[in-house]
Amino acid sequence: MNLRKYLKVYKKFLHTSLASELEYKSNILIDLITAILSLIGSIFLLSIFFQNNGYIGGWKFEQALIIQGIYTILNGITNTWFNPNLTEIVKHIREGTLDFVLLKPIDSQFFISLKKINPSGFLEIMLGFFLLLLCIRINQINLSLSFLTLSLITIICSICILYSLWFFISTTTIWFVKTWNAIEVLRSFLYIGRFPLNSFSFSLRVFFSIFIPIAFITTIPSEVFLGLSQLWKILLEVTVATIFLMTSRKFWLFALKFYSSASS
Amino acid sequence: MVQNIIDVRNLSKSFDISSKEPGLKGTIKHFFRRQTKSLKVIKDISFEIKEGEIVGFLGANGAGKTTILKMLCGLIYPSEGSIFVSGYLPFRRKENFLKTITLIMGQKQQLIWDLPPIESFYLNASIYDLDKFEAKKRIKKLSEMLEIDEELFIPVRKLSLGQRMKSELLAALIHEPHILFLDEPTLGLDINAQINLRKFLQKYNKETNATICLTSHYMKDITSLCKRVICVHEGEISYDGKLDLLLKKLSPVKEILIVCRSEEDAIKLENSGFTVKNKIKNEITIKIENNSITSSLKTILNNFDIEDLFINEPPIDEVIGKVLIKKDYEI
């Protein structure tokens, strides 16, 4: 893979999608306001849960805010990259415009996963980081190199798991044509990621660890933040992320063999 | 000797198609127990195309033209048979193969809707690994050939269909492909835009010796661009050869309207052995075979007092239409 070429193309992707989005100024403004209100709403909801009970699933409100911070970053990444690109796969397949992607001398997964960005998602990412910084201060977390490295690794793994799940569902469009509902179900499951995994019953904990690994997405990075995570959990998250990423890649290449293109 | 750039042998393609009975009962049955059957849309076809040729694929809707085109450019896997395009197996979509081809579809677009076409051109240029200087040079050259200038800087959504199609062509040709697959490129364009597009394709073919495979329902596209046509009927090739030969065979006679000086001359002509279609006063319409048209006209002009005459070519759409609806048309 020619890295220089891919960087050059990604620079163009950034340029063209930013220029496209900036054509509609009011839309960006509405998205920005929505992101701020959504974060305020989520923190308010979380505070209601903790109002009568100091702990939920062994987590204090200040600690649970870390999960909210990581969720906000991930949601920001979802809104910046996954939502504009991966929902577009369904459209590409339904309308047959995937033809143009497949005939370009560039990796098709790279093209359809990164062509667009939604700049308003950046604010959510920034708000998430701001909340995390606040949590570091409130929870008196010591910043060290190992802490920052592990946090970064687990957050990157969470992004990979989330991306792979979404990409996997979008890929099934090649057979099922319409998969909007499955993506909506995935997004609803992600809302669950705002709460500590221990606050759910045993059966739900198993479900959210094995079938839809929400647990890996928010809870493990949060545990790393609080110094509560064990090494095996971090290694498990890295393994799960690698398997998910590789499987989604293989699945995409396999699915393309069944692509029949839309009729003209 | 000109080499074959496309080589297709015993190519077949089947799709799984599901069918549904009408009404609510049929819908429920279709939802729970979908019945699918394998439908062979391309049946054991073989052909070759030489470098620099412009070949028109003719066929009714659903005949299989677009499926053939999509297999040639590597979008669809063939079920049986072999395809070689420029020495590559298209469905492997190797980078070097993709750099030699392009696909233009009249009803689908690749330009970024909210931005001027120039942005899409530079994006494509980076995908094809062209530096800024080279991209600029090619955009200038192609925009001159396509006669577009200011349109390059206007958002695509504000361009007319004709301007958009020219921009689509430029976006698809920026990497200077040697093989062009065009699927109904003039669809929806007005007469002038159609003429301009054809002129451009002729010029591009002449200047670059590019091979062009074209499908179109506008016969004018085919007659003005293609010397050779491949007629597809229900997934099979019903004719593969020169277009003028096909037209001659399908339409072996010409109708000639002759205006005689007097009605007596018209009666004399009517009884002189020519096949008469009709006669109204001093005007008579006769049918003459293509191969004897010169000698017959000479005889008429020498022996009868003629005021005027008109040679009527049968409408090409009508002639070609015969091939499209009949499987075993004797050509």
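How each quantity is defined
Residues numbered from 1 in each chain as written. Chains lettered and ligands numbered in written order. Predicted model: local features only at pLDDT ≥ 70, side-chain atom pairs only at ≥ 80, totals over all residues. Helix = DSSP H or I, 4+ residues; strand = E, 2+ residues; numbered from the N terminus. Buried ≥ 20, exposed ≤ 12 C-beta atoms within 10 Å, placed from the backbone. Contact = placed C-beta atoms within 7 Å. Rg over C-alpha atoms; globule rule 2.2 N^0.38 Å. Pairing = 2+ DSSP bridges. Axes fitted to C-alpha atoms, helices over the stretch in contact; angles between N-to-C directions. Nonpolar A, V, L, I, M, F, W, Y, C, P; charged D, E, K, R; others polar. pLDDT = per-residue confidence, 0-100. Core = buried A, V, L, I, M, F, W, Y, C linked by C-beta atoms within 7 Å. Parallel < 35°, antiparallel > 145°, perpendicular 65-115°, else oblique. Left-handed = near helix turned anticlockwise from the far one by under 90°.

Turning our eyes to something else, we now look at the overall build of chain A. Counting its regular elements, chain A contains 12 helices and 2 strands. Each helix and strand of chain A, ordered N terminal to C terminal, gives the series α-α-β-β-α-α-α-α-α-α-α-α-α-α. Its C-alpha atoms put chain A at 60 × 40 × 35 Å along the principal axes. By residue count, 38% of the 264 residues in chain A fall in the buried class. A separation threshold of at least 6 residues defines the contact pool for chain A, and within that pool the share at least 24 residues apart is 79%.

When you go through chain B residue by residue, the secondary structure sums to 12 helices and 13 strands. The C-alpha atoms of chain B give 25 Å as radius of gyration, which overshoots the globular expectation for 331 residues (20 Å, by more than 25%). Each of the three principal axes of chain B carries a C-alpha extent, and together these read 75 × 55 × 50 Å. The buried share among the 331 residues of chain B stands at 35%. Here the analysis covers contacts within chain B between residues at least 6 apart in sequence; of these, 72% occur between residues at least 24 apart.

Right, let's get into the sheet that holds strand β12 (residues 283-289) of chain B. Residue and element names in this part refer to chain B. The 4 strands lie next to each other as β11-β12-β10-β13, forming an open sheet whose pairing is antiparallel. Only two strands of the sheet have a single partner each, and these edge strands are β11 (275-280) and β13 (306-312). Strand after strand, the sheet turns through a mean of 20 degrees between neighbouring axes, direction not considered. Bridge count for strand β10 (residues 253-260) against β12 is 7 bridges, and the pairing is antiparallel.

Inspection of the secondary structure assignment puts B:K248 in helix α9 (residues 243-250). Along the chain, B:K248 and B:T100 lie 148 residues apart, while their C-alpha atoms are 36 Å from each other.

With 28 residues of chain B at the interface, the matching set in chain A holds 21 residues. Elements with a contribution of two residues or more to the side of chain B that touches chain A: α2 (65-72), α3 (95-98), β5 (101-105) and α4 (117-127) of chain B. Tallied by class, the residues present in the side of chain B that touches chain A amount to 14 nonpolar, 4 polar and 10 charged.

Of all residues in chain A, 94% have pLDDT values of 70 or greater, and the mean over the chain is 83. Averaged pLDDT values for the elements of chain A fall to 71 in helix α9 (residues 180-192) of chain A and rise to 94 in helix α5 (residues 108-114) of chain A.

Looking now at the confidence of the model for chain B. Mean pLDDT over chain B stands at 87; residues scoring 70 or higher make up 95%. Confidence estimates for the predicted assembly give a pTM of 0.80 and an ipTM of 0.79.

All names here are of chain B. One open sheet accounts for 6 strands, arranged β5-β6-β7-β3-β8-β9; its pairing is mixed. Every interior strand has two partners, whereas the edge strands, β5 and β9 (236-242), have only one. Strand-to-strand twist of the sheet, defined as the mean angle between neighbouring strand axes without regard to direction, takes the value 15 degrees. Note that strand β3 (residues 54-58) and strand β7 (residues 211-215) share 4 bridges and pair parallel. Bridge pairing in β7 places G56 opposite L214. Along the sheet, α2 contacts β3, β6 (179-183), β7 and β8 (228-233); its crossing angle with β7, the most-contacted strand, is approximately 150 degrees.

Another aspect to go through is the environment of A:L132. Residue and element names in this part refer to chain A. Along the chain, L132 falls in helix α6 (residues 120-138). Taking the C-alpha atoms as reference points, L132 and Q68, separated by 64 residues in sequence, lie 8.6 Å from one another. Excluding residues that lie within four positions of it along the chain, L132 makes contacts with I66 and G69.

Turning our attention to the nonpolar core. All names here are of chain B. Ranked by internal contacts, the top residues of the largest apolar core, which has 74 residues, are F57, L72, L170, F181 and C213. No other element matches helix α6 (residues 161-173), which puts 6 residues into this core. In this structure C213 touches I49, V55, F57, L69, L72, F181 and L182, once residues within four positions along its chain are discounted.

A separate point is the packing of helix α3 (residues 61-95) of chain A against α6(A). Residues and elements named next belong to chain A. α6 packs onto α3 with a crossing angle of 165 degrees between their chain directions and a minimal axis gap of 7 Å. With respect to each other, α3 and α6 are oriented roughly antiparallel. The chirality of how α3 crosses α6 is left-handed.

All names here are of chain A. With their axes 10 Å apart at the nearest point, α3 and helix α7 (residues 145-171) run at an angle of 25 degrees to one another. Relative to α7, α3 is oriented roughly parallel. Relative to α7, α3 is oriented so that their crossing is right-handed. Contacts between α3 and α7 involve I70, I73, L74, I77, T78, F82, L86, I89 and V90 from the former and I155, S158, I159, L162, Y163, W166, F167 and S170 from the latter. For the contact of α3 with α7, the class distribution of residues is 14 nonpolar, 3 polar and no charged.

Turning our eyes to something else, we now look at the pairing of strand β1 (residues 4-19) of chain B. Residues and elements named next belong to chain B. Two strands pair when backbone bridges link them, and β1 and strand β2 (residues 35-50) are joined in this way by 12 bridges, in the antiparallel orientation. Residue pairing across strands places N4 opposite K50, the latter belonging to β2. With 5 bridges joining them, β1 and strand β4 (residues 80-85) adopt antiparallel strand pairing. Residue pairing for β4: R9 is matched across the bridge by S82.

The next thing to look at is α2(B). All names here are of chain B. Buried residues dominate α2, accounting for 8 of its 8 residues. Buried residues of α2: K65, T66, T67, I68, L69, K70, M71 and L72, and no others. Immediately downstream of α2, the backbone of G74 shows phi near 95 degrees, a positive value.

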